[in-house]
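Overview (structure and organization)
Chain by chain, the residues:
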Amino acid sequence: MREEDIYKAIKNRSIRAGILRTWENLHNAVEQNIERYRFLKEYAKDVKMAKLEVFSDYDRWTEKAMKSIESRNKCSVYYAEDGKEARKIVAEIVGRDKIIVKAKSMVSEEIQLREFLQEIGNEVWETDLGELIVQLANEKPMHVLAPAIHYSERQAAELLRKVGVKGYTAAELAEGVRKFMRQKFLLADVGISGCNAFSAKTGRIFLVENEGNIRLSTTLPKDYIAIVSIDKILPSDELCLKLVILQAAFLGTFPPAYINVNEPVEGQRMHVIFLNNGRKQAPEFLKEQLTCIKCGRCQIECPIFQITGSLWGNVYGGPMGMGWSGILGEIGYECFLSSLCGKCKEVCPMEIDMPRIIRELRKMMVRGNNLGEV
Amino acid sequence: MYHPHYVIRSIEQNIKNTGNPLGLSRSQINTWWEGWEGWKKVGEKDTMLFTGLLYQLTPYVDKLVDYLYKFENTFLEKVTRFMPKSPLGILLKPQKEAEHFNGIVRKIADSLIKSGIDFCYKPELDFYSGVLLYDMGDDEGFTEHSLFVAEKLREKGIKKLITIDPHTTYVLRELYPEYANAEFEVKNYLEILDFKSKKENENITLTLHDPCYYGRYLEISDESRRILDSLGIEYKDIRNSGKLTSCCGGPIESISPKLTKEVAENRYDELSKTGCEIATMCPICLVNLRKFGEIKDISEIIWGAVNA
Amino acid sequence: MPNEVLELLNQLIETLKRNSVEVYISKDAERDVERLKSEDSFICNALSIAADTGIVFFGGFESRKNSALAEHHIAIIRRDAVCKNVIEAYNLAISKSNVIFATSTASKTGDIEGKLIWGMHGPKKFTVVLEISEELYGGIA
């Protein structure tokens, strides 16, 4: 995080307006989901336990996960230690002069995949409406699930005009993007997605969404690349299903429009890249953060995030972002901007003690005399 | 953003020198009991009113934060690194505010007496808890300070403590056993006030701003409401109260007072939507939120109702 | 037994409506679906559906592609595909097909100012034709 980002955020009042509006829209829905679907709490417990089990032996589970699809036809499996290795693998698969449709994926933000693929000479499209707006603005997503939360209809219209989408209202813009992107889907050579959950038992990739762009991105192109960070590995399909249901229920209206269960199929070449990027090496106190399902509820409920959006943080902003930055080895003194108020822990479906994690990060910096000079 | 390095170092240094994070002398800060009427009603007991000095310090902190706010993100920001090391007492003289906050402490003490609770007060044993060091991740500094405080209290045979703010309560109750090996019986005043009366409607409706530590860390939000119920004072809770209460921004005021102000403004806007009088129960929340409108400390309202 | 079945079906219908799904109750789905279809629609049989959440499972890669591309996705659901919850529905679906996918409503987005827009990239409309037998028909609320 750059220090000036905080002041940028304070000045840009549309960030807080957008986040507070989203909060207003969603918190009742989430509370209603929790009330109506009593099984959610059980699911959360099951998933958290399973994730902790997987982390206790990442090597074994990663191997198991890789084996689960290695033997399948039409599928290549890779392992990347870090972002650089992952980008290299993707570059070898993709080559250049390709049209690439991307599902919104935080792990690809983590390794700056879109920018990289463009640099080596490809046409890359973020297909999620919010993420497309962010791409056109050349910014980072303001929230894990609602990336363009801080743009007004008017600003979105201006940005979308860059790709010839006309219109003023959200409905007109969505229709324009639908038509524009449909052509890209049909022409695309490669589709790229992340992964919400990976079943080590069957090799299935679970992805949850509302727009249908993930389904189209991962179904239409002849080549499909899935990037699976190893924290997404779960022992069974059932646990994967539970996870995607949780993710949808804890930030928004439920049920999600689509649950995708992707696996190698006739008529498509699938490439699965398992990515570590700091997860195996995470110190003990950060293990709990790895159970995060990235629903982003802690962000939207956080009083600091409500002012700054994800400008407070690195790839992942807000309370969860502090822990993730720790895992990715990029934590800076932004962790001192948390008020440790504990709201994040209170609303987290996995009950991750983020204030504890943030204080541990501070301790680490104080102890290691890592605060540095300015 | 003030660099945590300097913030932590100066807090640590000041606590070492004077026992409090601002480096002010205790005789300057802890004056609420001077001339206090209730003085003759408290005596020698093993239960002590332990203010943790947070109410008393807050007007000074607020004044300092005013400066930090003005200098933040300007060329003067770096100058402030030397400020906390200078004799701040000269620079900061929030006379009127100090009287107001001393008055709050006095009202809490008076309400405790009115409630029939036996306790003593020993100004020389009333220390700052060290909470800021803990929050900043300076466990070494915090441990050292907590051992010092716990030892002083033990020496004088103090076994039970009555605390008056959320941070001191949390630190003494939850952290001192672990860090200072000190098992005091810690009660917050809101947990023990009991007027044994069911009063008629007082004709006030409040909206309460629960401090995060009462709402979540200590889970004692019901206590203030129990007291209000017994005094016939109504309250209208908003969604973000109790366990879901929202922060006033105070805890980051030493790093980014500008961000603190924005957070507080958001929270004030939310609280004021009910149209009711707003009450809080933490000195830090109080100074931060009242920048945007009138706010009272709940102890002032309780005292008012009891003495009506 | 029929009472339990009826309860489940009524729960399902309520759930589908809450999910903004167009529902038709039919004694003969093949016949009724004829009236609903158009050149922009894609019709497929559901493998299973969860009554508590309204999540519908389908099978086959071609169906996945065609249903995502269509303007109007029509699902035929038979009584024996109705499950109590999503785990049951998943297990039933996976026992019938290797490649499965789930849909519960039309494509939607709220990415611009939180305004709900239907038909973002996938179908603009999602219809369920629920086929039930003569004797249950009368018990549907």
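Residues numbered from 1 in each chain as written. Chains lettered and ligands numbered in written order. Predicted model: local features only at pLDDT ≥ 70, side-chain atom pairs only at ≥ 80, totals over all residues. Heavy atoms only, no water.

1. What to know about the sheet that holds strand E9 (residues 258-262) of chain A
Judged by pairing direction, the sheet is mixed, and its 8 strands sit side by side in the order E8(A)-E5(A)-E6(A)-E9(A)-E7(C)-E4(C)-E3(C)-E6(C) without closing on themselves. Both edges of this open sheet fall to strand E8 (233-234) of chain A together with strand E6 (82-83) of chain C, since each of them pairs with a single strand only. In the sheet, strand E3 (residues 48-50) of chain C pairs with strand E4 (residues 56-59) of chain C via 2 bridges, with the strands oriented antiparallel. Bridging from a neighbouring strand, C:Ser48 pairs with C:Phe57 of E4(C). Across the sheet, helix H4 (residues 86-96) of chain C lies against strand E6 (205-209) and E9 of chain A together with E3, E4, E6 and strand E7 (100-103) of chain C, angled at about 175 degrees from E3(C), the strand it touches most. (Pairing = 2+ DSSP bridges. Helix = DSSP H or I, 4+ residues; strand = E, 2+ residues; numbered from the N terminus. Contact = heavy atoms within 4.5 Å. Axes fitted to C-alpha atoms, helices over the stretch in contact; angles between N-to-C directions.)

2. A look at the arrangement of the chains
The pair of protein chains exhibiting the most contacts, out of 2 pairs of chains in contact, is chains A and C. Structurally, chain B and chain C remain out of contact, their C-alpha atoms never closer than 20 Å.

3. Quick notes on the interface of chain A and chain C
In this complex, chain A contributes 56 residues to the contact, which on the side of chain C involves 42 residues. Between chain A and chain C, roughly 4100 Å² of surface is buried when both sides are summed, and carbon and sulfur atoms account for 57% of that area. Counting every contact that joins chain A to chain C gives 3 salt bridges. The tally of links between chain A and chain C comes to 30 residue pairs in polar contact (both at pLDDT 80 or more). Only helix H2 (13-36), helix H3 (39-56), helix H8 (129-137), helix H9 (153-161), helix H10 (170-187), helix H11 (213-219), helix H12 (237-249) and E9 of chain A provide two or more residues apiece to the side of chain A that touches chain C. (Buried area = accessible area lost by both parts, 1.4 Å probe. Salt bridge = Lys/Arg side-chain N within 4 Å of Asp/Glu carboxyl O. Polar contact = N/O pair within 3.5 Å; in protein donor to acceptor, adjacent residues only side chain to side chain.)

4. Points about the layout of surface pockets
Taken as a whole, the second largest pocket encloses approximately 870 Å³ of empty space. Forming the walls of the second largest pocket are 35 residues, and the residues nearest its centre are A:Gly342, A:Lys345, A:Glu346, A:Glu351 and A:Asp353. Within the residue set of the lining of the second largest pocket, elements represented by two or more residues are H2, H3, helix H16 (343-347) and helix H17 (354-367) of chain A together with helix H8 (166-179) and helix H10 (212-217) of chain B. With 5 residues, H3(A) is the single largest residue contributor to the lining of the second largest pocket. (1 Å grid on protein atoms, 1.4 Å probe; cavity = no way out; pocket = protein on both sides within 12 Å on 5 of 7 lines; lining within 4 Å. Points joined across faces, edges and corners; volume = space filled by probe spheres on them.)

5. Re the domain arrangement of chain A
Residues and elements named next belong to chain A. You can read the domains of chain A as domain 1 (3-28 + 282-366) and domain 2 (39-275). Put simply, the middle of domain 1 and the middle of domain 2, counted by C-alpha atoms, are 22 Å apart. The junction of domain 1 with domain 2 conceals about 2700 Å² of combined surface from both sides, 65% of it contributed by carbon and sulfur atoms. Taken together, the links from domain 1 to domain 2 amount to 1 salt bridge. In this structure, the salt-bridge partner of Glu288 is Lys48, at a minimum N-O distance of 2.8 Å. Taken together, the links from domain 1 to domain 2 amount to 13 residue pairs in polar contact (both at pLDDT 80 or more). (Domains from an automatic or database assignment.)

6. A closer look at the packing of helix H1 (residues 3-11) of chain A against helix H12 (residues 257-272) of chain B
Axis separation between H1(A) and H12(B) bottoms out at 10 Å; the angle between their running directions is 30 degrees. Classified by the angle their axes make, H1(A) and H12(B) are roughly parallel. In this structure, H1(A) crosses over H12(B), and the sense of that crossing is left-handed. Along its contact with H1(A), which presents A:Ile6, A:Tyr7 and A:Ile10, the element H12(B) presents B:Lys258, B:Leu259 and B:Glu262. The residue inventory of the contact of H1(A) with H12(B), partitioned by class, reads 4 nonpolar, no polar and 2 charged. (Parallel < 35°, antiparallel > 145°, perpendicular 65-115°, else oblique. Left-handed = near helix turned anticlockwise from the far one by under 90°. Nonpolar A, V, L, I, M, F, W, Y, C, P; charged D, E, K, R; others polar.)

7. Remarks on the sheet that holds strand E10 (residues 125-131) of chain C
Sheet strands pair via backbone hydrogen bonds, and the direction of the pair is either parallel or antiparallel. Residue and element names in this part refer to chain C. Strand order in the open sheet formed by 4 strands is E1-E10-E5-E2, and the pairing between neighbours is parallel. Two strands in the sheet have a free side with no partner beyond their single neighbour: strand E1 (22-26) and strand E2 (41-45). Geometrically, the sheet is characterised by an average inter-axis angle of 20 degrees between neighbouring strands, direction not taken into account. Strand direction decides the pairing type here: strand E5 (residues 72-78) and E10, joined by 7 bridges, are parallel. Within the sheet, the bridge partner assigned to Ile76 lies in E10 and is Val129. This element, helix H2 (residues 29-36), spans E1, E2, E5 and E10 of the sheet and lies at about 165 degrees to E5.

8. Observations concerning the interface of chain B and chain A
The interface is formed by 40 residues belonging to chain B together with 39 residues belonging to chain A. Overall, the association of chain B and chain A removes approximately 3400 Å² of surface from exposure, summing both partners, and the carbon and sulfur fraction of that is 59%. Joining chain B to chain A, the criterion identifies 7 salt bridges. Among the ionic pairs, B:Glu262 bridges to A:Arg16, the shortest N-O distance being 2.8 Å. One can count 17 residue pairs in polar contact (both at pLDDT 80 or more) joining chain B with chain A. Mapped by element, the contributors of at least two residues to the side of chain B that touches chain A are helix H1 (4-18), helix H6 (131-135), H10 and H12 of chain B. Its residues assigned to classes, the side of chain B that touches chain A comprises 17 nonpolar, 9 polar and 14 charged.

9. Describing the nonpolar core
Counting residues in each nonpolar core, the largest one holds 211 residues, and the members touching the most others are A:Ile205, A:Leu241, A:Ile245, A:Phe274 and C:Phe57. Counting residues per element, this core draws most heavily on H12(A), which supplies 9 residues. Discounting residues that sit within four places of it in the chain, C:Phe57 has contacts with A:Leu241, C:Ala46, C:Leu47, C:Ser48, C:Val86, C:Ala89, C:Tyr90, C:Ala93, C:Ile100, C:Phe101 and C:Ala102. Core analysis: the second largest hydrophobic core is formed by 30 residues, A:Trp125, A:Val163, A:Phe180 and A:Met181 among them. (Core = buried A, V, L, I, M, F, W, Y, C linked by side-chain atoms within 4.5 Å. Buried < 20%, exposed > 50% of the residue type's maximum accessible area, 1.4 Å probe, protein only.)

10. Here we look at the state of the cysteines
Joining two cysteines, a disulfide is a covalent bond between their sulfur atoms. According to the stated counting rule, one finds 0 disulfides over all chains in the structure shown. Not engaged in a disulfide, the cysteine A:Cys295 finds its nearest cysteine sulfur in A:Cys348; these two sulfurs lie 6.4 Å apart. (Disulfide = S-S within 2.5 Å.)

11. Looking at helix H4 (residues 58-70) of chain A
An α-helical turn contains 3.6 residues, so any two residues separated by three or four positions project in the same direction. All names here are of chain A. Look at H4: 18 Å from first C-alpha to last across 13 residues, which is about the 18 Å you get at 1.5 Å a residue. Tyr58, Trp61, Thr62, Ala65, Met66, Ser68 and Ile69 are the residues of H4 that are buried. Down the axis, H4 shows its buried residues gathered within 150 degrees of arc, on one side only. (Expected span 1.5 Å × (residues − 1). Arc of directions from axis to C-beta.)

12. Describing the domain arrangement of chain B
Residues and elements named next belong to chain B. Segmentation of chain B into domains returns domain 1 (4-192) and domain 2 (205-306). Between the C-alpha centres of domain 1 and domain 2 the distance comes to 20 Å. With 36 residues of domain 1 at the contact, the number on the domain 2 side is 32 residues. Among the residues domain 1 hides against domain 2, the three largest losses belong to Tyr69, Pro166 and Leu190. Together they make up 21% of the total. Run the count over domain 1 and domain 2 and you get 3 salt bridges. Measuring nitrogen to oxygen at the nearest pair gives 3.8 Å for the salt bridge that ties Asp62 to Arg290. Joining domain 1 to domain 2, the criterion identifies 10 residue pairs in polar contact (both at pLDDT 80 or more). Counting only elements with at least two residues in the side of domain 1 that touches domain 2, the list comes to H1, helix H3 (54-71), helix H5 (95-114), H8 and helix H9 (189-192).

13. Notes on empty space enclosed by the protein
Here the idea is plain: a probe the size of a water molecule rolls over the atoms and shows the empty space left. Residues and elements named next belong to chain B. In this structure the tally under the stated criterion is 4 cavities of 30 Å³ or more. Of the volumes computed, that of the largest cavity is approximately 110 Å³. Together, 17 residues line the largest cavity, and His167, Cys212, Cys248, Pro251 and Cys285 are the ones closest to its centre. The set of elements that each furnish at least two residues to the lining of the largest cavity consists of H8, H10 and helix H13 (283-289). Taken together, the residues of the lining of the largest cavity sort by class into 12 nonpolar, 4 polar and 1 charged.

14. A short note on the pairing of strand E1 (residues 47-50) of chain B
Residue and element names in this part refer to chain B. Here E1 shows two buried faces, one formed by Thr47 and Leu49 and the other by Met48 and Phe50. Strand direction decides the pairing type here: E1 and strand E2 (residues 160-163), joined by 4 bridges, are parallel. Along E2, the bridge assignment pairs Met48 with Leu161.

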